[in-house]
Amino acid sequence: MCFDKEAAEWDTNYRINRAKKIAEEISSYLDGNNISRAMEFGCGTGLISFNLQEEFEEILLIDLSKGMIEETKKKIKNQNIKNMKTLVKDVLDIEGENKYDVIYTSMVLHHILNLKDVLYKLSKLLKPNGKLIIVELSKDDGTFHSLDEDFNGYNGFEIKDLQDLLKDVGLINIKGRTFYHSKKQINDKYHEYSLFSICVNKQKA
Ligand SMILES: C[S@@+](CC[C@H](N)C(=O)[O-])C[C@H]1O[C@@H](n2cnc3c(N)ncnc32)[C@H](O)[C@@H]1O
């Protein structure tokens, strides 16, 4: 999918409202001590992170799409936000390890084919005892992305399949639940879909 082309039109009321629910779900896994360093991977226009801005001392928002990051930067500037930074980058190219207390990501993994490499990378970037919080599309019959001609990712996931992959890359205390049900308009029909969340920890050193 060409996210650069979609960036300027990404912030629909529907997505803004959904992002609030997703941010609430992510927030429910946090300890609320307000001193941590977070990264959002595949931030798009930052819709989710703008709802989480006060939860962290600092948030790095990364995305492959320059267009998405440009939209995010405009909003950071207009709202004079000091603790959110952006980076145009493939997550696989982020250097270092043990850097973040929390990494969260929403609706990104189903676009990624080399999933295991990415999950391993995210695990490496987390500090020991850090948290990875994932929001994803539940297994779907393909209708969700049926209008996106160049979509070549996963038609959602079973929670269990993603949990197994997370175990394989060494993440522990895996919790998962379905938290959101909605309908997406596909031509003249409405397609029901749901989202789930998973929270995992990196082992203490
Ligand atoms: C469906 S959008 C979701 C955007 C946002 N998280 C939201 O929920 O509104 C997926 C985003 O993931 C980004 N993305 C996909 N693969 C990526 C990668 N390997 N590294 C960084 N960003 C990636 C895309 O550019 C796109 O902006």
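Structure report, in brief. The shown structure was predicted, so the numbers you read here are calculated from the model rather than taken from an experiment. (Residues numbered from 1 in each chain as written. Predicted model: local features only at pLDDT ≥ 70, side-chain atom pairs only at ≥ 80, totals over all residues. Heavy atoms only, no water.)

### A few points about the pairing of strand S7 (residues 189-202)
The side chains of a regular strand alternate, first on one face of the sheet and then on the other. Stated formally: Think of it in three bands: residues with accessible area under 20% of the maximum for their type are buried, residues over 50% are exposed, and the middle band is partly exposed, with areas taken using a 1.4 Å probe on protein chains only. By definition, any uninterrupted DSSP run of H or I lasting at least four residues is a helix, any uninterrupted run of E lasting at least two residues is a strand, and each is numbered from the N terminus. Note on pairing: DSSP must find at least two bridges between two strands before they are called paired.
Here S7 lies mainly inside the structure; eleven of its 14 residues are buried. Pairing between strand S5 (residues 126-137) and S7: seven bridges, direction antiparallel. Its bridge partner being in S7, Val135 is matched across the sheet by Ser197. In terms of strand pairing, strand S6 (residues 171-186) meets S7 through 13 bridges, oriented antiparallel. In the strand pairing of S7, Arg177 is matched with Ser197. The antiparallel hairpin formed by S6 and S7 contains two residues in its connecting segment, where Asn187 sits at a positive phi of about 55 degrees.

### Some remarks on the pattern of salt bridges
So the rule is basically this: Between Lys or Arg on one side and Asp or Glu on the other, a salt bridge is scored when a side-chain nitrogen of the former is within 4 Å of a carboxyl oxygen of the latter.
A full pass over the atoms with the stated rule returns eight salt bridges. Notably, a salt bridge pairs Lys167 with Asp164, separated by 4.0 Å at the nearest N-O pair. In this pair, Lys167 and Asp164 are both assigned in helix H5 (residues 159-168), three residues apart and thus about one turn of the helix distant. By relative accessible area, Lys167 is classed as exposed at 54%. We classify Asp164 as partly exposed; its relative accessible area is 27%. Put simply, Lys160, Asp164 and Lys167 are held in one network by salt bridges that share partners.

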